[in-house]
Amino acid sequence: LSNDIVNNLHISKYISDNFGKKYMPAKPRFFKSRTNAQDGHEAIRPSTPSLAPNDIKSSLSADQYKLYKLIWDRFMASQMADCIQKTTQADITANGYVFKASGYKVDFDGFTVLYTESKDDNEEKETQLPPLETDTICKVKEISQNQHFTQPPARFTEASLIKAMEEYG
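My aim in this report is to walk through the structure given alongside it, one point at a time. (Residues numbered from 1 in each chain as written. Predicted model: local features only at pLDDT ≥ 70, side-chain atom pairs only at ≥ 80, totals over all residues. Heavy atoms only, no water.)

### Notes on the packing of aromatic side chains
Taken as a whole and assessed by the stated rule, the structure comprises three aromatic pairs. Ring centres of Phe 19 and Tyr 23 lie 6.2 Å apart, and the angle between their planes is 55°; on these two criteria the pair is classed as tilted. Residue Tyr 23 is classed as buried on the basis of its relative accessible area of 8%. Aromatic side chains Tyr 23 and Phe 108 sit 4.9 Å apart centroid to centroid with 40° between the ring planes, which places their arrangement in the tilted category. Placement of the pair is Tyr 23 in the loop between helix 1 (3–18) and helix 2 (53–56) and Phe 108 in strand 2 (residues 97–108), with a sequence separation of 85 residues. Under the relative-accessibility criterion, Phe 108 is labelled buried at 15%. Within the aromatic cluster, the residues linked to one another by ring pairs are Phe 19, Tyr 23 and Phe 108. (Phe/Tyr/Trp six-rings, centres within 6.5 Å; stacked < 30°, edge-to-face > 60°. Buried < 20%, exposed > 50% of the residue type's maximum accessible area, 1.4 Å probe, protein only. Helix = DSSP H or I, 4+ residues; strand = E, 2+ residues; numbered from the N terminus.)

### Observations regarding the nonpolar core
Among the nonpolar cores identified, the biggest contains 14 residues, and Ile 15, Trp 72 and Met 76 are the most heavily contacted of them. No other element matches the four residues that helix 3 (residues 62–78) contributes to this core. In this view, Trp 72 contacts Tyr 14, Pro 46, Pro 49, Leu 51, Ala 52, Pro 53 and Leu 114; residues no more than four positions away in its chain are not counted. (Core = buried A, V, L, I, M, F, W, Y, C linked by side-chain atoms within 4.5 Å. Contact = heavy atoms within 4.5 Å.)

### Here we look at the environment of Val 113
Checked against the element boundaries, Val 113 lands in the loop between strand 2 and helix 4 (121–126). Separated by 30 residues in the primary sequence, Val 113 and Cys 83 have C-alpha atoms spaced 8.8 Å apart. Dropping the residues within four chain positions of it, Val 113 is found in contact with Phe 19, Tyr 23 and Met 80.

### Examining a nonpolar patch on the surface
A cluster of nonpolar side chains, Ile 92, Tyr 97, Phe 99, Val 140 and Ile 143, forms an exposed patch at the surface whose accessible area comes to about 520 Å². The topology assignment puts Phe 99 in strand 2. What makes Phe 99 partly exposed here is its relative accessible area of 33%. (Patch = residues over 30% accessible without salt bridge, like charges linked within 9 Å, V, L, I, M, F, W, Y side chains within 5 Å. Areas by Shrake-Rupley, 256 points an atom, 1.4 Å probe, with all protein chains shown as cover. Salt bridge = Lys/Arg side-chain N within 4 Å of Asp/Glu carboxyl O.)

### Notes on unusual backbone geometry
Trans peptide bonds make up the majority, and among non-glycine residues the majority have a negative phi. Located in the positive-phi region is Asn 95, a residue other than glycine, with phi close to 50°. Looking at where Asn 95 falls in the secondary structure, it is placed in the loop between strand 1 (84–94) and strand 2.

### Notes on the environment of Asp 107
Within the element layout of this structure, Asp 107 appears in strand 2. What makes Asp 107 partly exposed here is its relative accessible area of 39%. Measuring from C-alpha to C-alpha, the distance between Asp 107 and Lys 86 comes to 6.7 Å, with 21 residues separating the pair along the chain.

The following block contains the structure:
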C-alpha cells in the first residue's frame, strides 16, 4: 500500500474513534496539485496524524504547541465530513421598502467540531434569526446596510501561515 493510503487509513480510524463515524466523509479525500505548481507549502501536515496536540503538549514549547495545533487541526478538519447548515432568508416589507435578512442554523457541525475560522461574538449573533412566521409584524430595532460575500477558506500560503501564527501568538 502507498504511504497516502496507509496515512488515510490511520486518519479515518482516528476520526471515527475520536469523533464518531458520522464525521467521516463518504470517501477519503485526496487533493491533487496542478502541474508545474510549486506546492511546497501544501505539504505542511502532521507526519503522524494520530499524535493529537494534547497528547504531545508536554514535549513541546508553548510556541511549538500552538503551531502544531494550528496545522494539525486544519489538516484533520480537511479530512472530515462537511458541516451541514440550514439557511433562512426573510424579506421584510415596510413602507414600500423591502429589507432582506438571512441567517443559518447548524444541523451537523462536521469539520467545524475541530476547526473554524475565527469569528467575533457580534458576527455569531447576527447569523441566527428568531423564529419567523408569514405576516408577522416586526418592530424595528436597528437597520444597517451590509454586503456580504462568502468564500471557502483558502489553503495556507507562506504569508497566511505566518499571519495565522502571529494571530495565535
